[in-house]
Structure formats: structure tokens, C-alpha cells
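A look at the structure
So you can see what is in the structure, the chains are spelled out below.
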Amino acid sequence: MAIGLIIIGDEILSGKRRDQHFPKVVELLAERGLQLAWAEFVGDDRERITATLRRTFAGGDIVFSCGGIGATPDDHTRQCAAAALGRPLVMHAEGRANIEERIRETAREAGGEADMNAPDNLQRLKMAEFPEGASLIPNPYNRVAGFTVGHHHFVPGFPVMAWPMIAWVLDTHYAHLFHQEARAERALLVYGQAEAALTPLMELLQVSYPGVRVFSLPSVGDATTRRHIELGVKGNPEQVERAFAAMCAELDRVGAEYQRL
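The following refers to the structure shown. None of these values were measured; they are calculated from a predicted model.

Overview of the environment of Ile8
Residue placement: Ile8 occurs in strand β1 (residues 3–8). Taking C-alpha positions, Ile8 is 48 Å from Val254, a pair spaced 246 residues apart along the chain. Leave out the neighbours within four places in its chain, and Ile8 touches Val42, Gly43, Asp44, Ile49, Ser65, Cys66, Gly67 and Thr77.

Here it is, written out as C-alpha cells:
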């Protein structure tokens, strides 16, 4: 079962804010022996968000979606998820109770009493409207929950909220997937070789060791590093070691200069 990430928000695409979710989700998954298979960035466009979710709901992946679940006019994720599923958007009783308690608590801290019928509080309650059948993702920061539908998990765009919520989803729903597949990676830097010249070796390794994926990362170099290609193999640990040994042997045979990492 692959894992995907959707990051929603015009502010990311415009450059007003720098995305922090992608590297953190990679880190959270790696800590649990999992890895990200794909990621997509989507702006605050209802039709595009709905189309993206309709496509991913139709697949079998575990999907985390960050952003757009608030109640302001530029937050569309809850509505788009409902539209993609063909379900109504309904008030979640527990989600509403959590928000009401948060409103009352905030009012008490300010020395007053909350008016639950005030327009701003009624607007806040909309954050508990989710696609019919959704379950809650607890938010340890302010108790305004995210939601889950199937294997899709929707959290806020704020990292301080999103990251512990994603960790909770992983630990609560997917612990049985942790560290199931052993993985290893070996790589080296090859100097003075064109990537095209290394392609036959890469193709041979890919065929000879089916449990391994071969990768190459060319670099033009910088003030401290010469132009090089990072060449490596990753996957099944036993096959990785064999494939890496074969790679080094072939580079030695052709007299290529390289440095193991």
C-alpha cells in the first residue's frame, strides 16, 4: 500500500510560504520504516482540489492532505472531499463539542463567557463539518480536529498541528505496516564519467538484481566539489550489497575514478 501526500494552498505555489510538510512527512515515515511514494501541490481551486481527490479516492493509497480545512473563504478541502466522494457535508457531533469547549475555554481565559450564537463562533463551528461518515483526527494543539475518510487523512496546514496529527494517524491506524520491509542504500561518487556512459551498467544491475532500484544524481559541482555523478542502489539489503559490489567491480574494470559514500 503506497503512501501519498497532498499539500494544498495558494501561498505555497506563490512562494509566500515555504512548504515544510514534505520533508517532515518523509521523516515521520522513515522513523517507522515507511516511505513516501508520491506528493502533489494544489492551489486553492475547488475544481482542481475536487478532481485531485476524486482521483486519489479511486486509488488504494494511504493519502495525507495538509491544508484548507479551516472555515475561511479560501478553505475548500472539506467541501471538495465531500464533493469528490458524492457525500453531503455534515456536522460531526464530537467535532462540534470539541470546538465548543475550546471556544468556552478561550472565553474563560479572557475573563468572560462565550456566546455560542455569536456570528464568529457559528463560523468556527463550520470546522466540524466533514463528509458524511468521516472520523476525527485529534488535534493536540487546539482540539479542532482533522478528519479521516477511508485511507485519506486531512489535517490543517499549520505544522504545529499537522505533524503530531499525522504521527497519531500512523501510530493508530498503520502500526502493522511499520518496518515490514528491510531496506538498504549504498552509493558512491563517480568522477569524469558521462551519465550516458554509465547507463548500460545501471540497466544491467536493474535486470540482474530485481530487488534493487538503481539511481543516479548528476551534479555540476561547486566551489568545493568537482563535477560528479552520485551512483547508487537501494532496496533489499542482501541484493543491495551484491549489486553494489558488482557496480564497484565494473567501475574498477573500466578504470573509472570514484569515491564510496
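Focus: the sheet that holds strand β10 (residues 212–219)
The strand order β10-β11-β9-β12 describes an open sheet built from 4 strands, whose pairing is antiparallel. Since the sheet does not close on itself, it has two edges, and those belong to β10 and β12 (257–260), each with one partner. Shown here is a sheet whose adjacent strand axes are inclined to one another by a mean of 25°, direction ignored. Contacts from helix α8 (residues 195–208) reach β9 (184–191), β10 and β11 (228–235) within the one sheet, and its direction differs from that of β10 by about 165°.

Focus on the environment of Ala145
With respect to the helices, strands and loops of the structure, Ala145 is situated in the loop between β6 (135–137) and β7 (146–149). For Ala145, a relative accessible area of 7% translates into the label buried. C-alpha of Ala145 to C-alpha of Gly9: the two residues are 136 residues apart in sequence and 19 Å apart in space. Discounting chain neighbours no more than four positions away, the residues touching Ala145 are Ile69, Met127, Phe130, Leu136, Ile137, Asn139 and Met165.

Things to note about the pairing of strand β8 (residues 152–155)
The two faces of β8 match: His152 and Phe154 on one face and His153 and Val155 on the other face are all buried. The sheet contact formed by β7 and β8 spans 3 bridges and is antiparallel. By the bridge assignment, Thr148 is partnered in β8 with His153. Linking β7 to β8, which pair antiparallel, is a turn of 2 residues; within it Gly150 sits at a positive phi near 60°.

Quick notes on the packing of helix α2 (residues 21–30) against helix α7 (residues 159–173)
Viewed as axis vectors pointing N to C, α2 and α7 meet at an angle of 30°, and their least axial separation amounts to 11 Å. Between α2 and α7, the angle is such that the two are roughly parallel. Between α2 and α7 lies a crossing of right-handed hand. Each of His21, Lys24, Val25, Leu28 and Leu29 in α2 lies in contact with α7, whose residues at this interface are Pro159, Ala162, Trp163, Ile166, Ala167 and Leu170. Counted by class, the contact of α2 with α7 contains 9 nonpolar, 1 polar and 1 charged residues.

Considerations on the pattern of salt bridges
Enumeration over the complete set of coordinates arrives at 13 salt bridges. Here Lys24 makes a salt bridge to Glu27, at a shortest N to O gap of 3.1 Å. Here Lys24 and its partner Glu27 are both found in helix α2, 3 residues apart, which amounts to about one turn of the helix. Ionic pairing is found between Glu101 and Arg108, a salt bridge with its closest N-O pair at 3.1 Å.

What about a negative patch on the surface?
Side chains of Asp10, Asp45, Glu47 and Asp74 sit close together on the surface and give a patch of like negative charge. By the secondary structure assignment, Asp10 is in helix α1 (residues 10–13). Take Asp10: its relative accessible area is 40%, and that puts it in the partly exposed class.

Digging into the sheet that holds strand β3 (residues 62–66)
Across a sheet, paired strands are connected by hydrogen bonds in the backbone, their directions being either parallel or antiparallel. Strand order in the open sheet made by the 6 strands is β2-β1-β3-β8-β7-β6, with mixed pairing throughout. Edge strands, defined here as strands with exactly one partner in the open sheet, are β2 (38–42) and β6. Averaged over neighbouring strand pairs, the angle between their axes works out to 20° when direction is ignored. Relative to β1, α2 is tilted by about 155°, and along the sheet it contacts β1, β2 and β3.

About the cut-offs
- Residues numbered from 1 in each chain as written.
- Predicted model: local features only at pLDDT ≥ 70, side-chain atom pairs only at ≥ 80, totals over all residues.
- Heavy atoms only, no water.
- Helix = DSSP H or I, 4+ residues; strand = E, 2+ residues; numbered from the N terminus.
- Contact = heavy atoms within 4.5 Å.
- Pairing = 2+ DSSP bridges.
- Axes fitted to C-alpha atoms, helices over the stretch in contact; angles between N-to-C directions.
- Buried < 20%, exposed > 50% of the residue type's maximum accessible area, 1.4 Å probe, protein only.
- Parallel < 35°, antiparallel > 145°, perpendicular 65-115°, else oblique.
- Left-handed = near helix turned anticlockwise from the far one by under 90°.
- Nonpolar A, V, L, I, M, F, W, Y, C, P; charged D, E, K, R; others polar.
- Salt bridge = Lys/Arg side-chain N within 4 Å of Asp/Glu carboxyl O.
- Patch = residues over 30% accessible without salt bridge, like charges linked within 9 Å, V, L, I, M, F, W, Y side chains within 5 Å.
- Areas by Shrake-Rupley, 256 points an atom, 1.4 Å probe, with all protein chains shown as cover.
- Lys, Arg positive; Asp, Glu negative; His and termini not counted.
- Charge placed at Lys NZ, Arg CZ, Asp CG, Glu CD.

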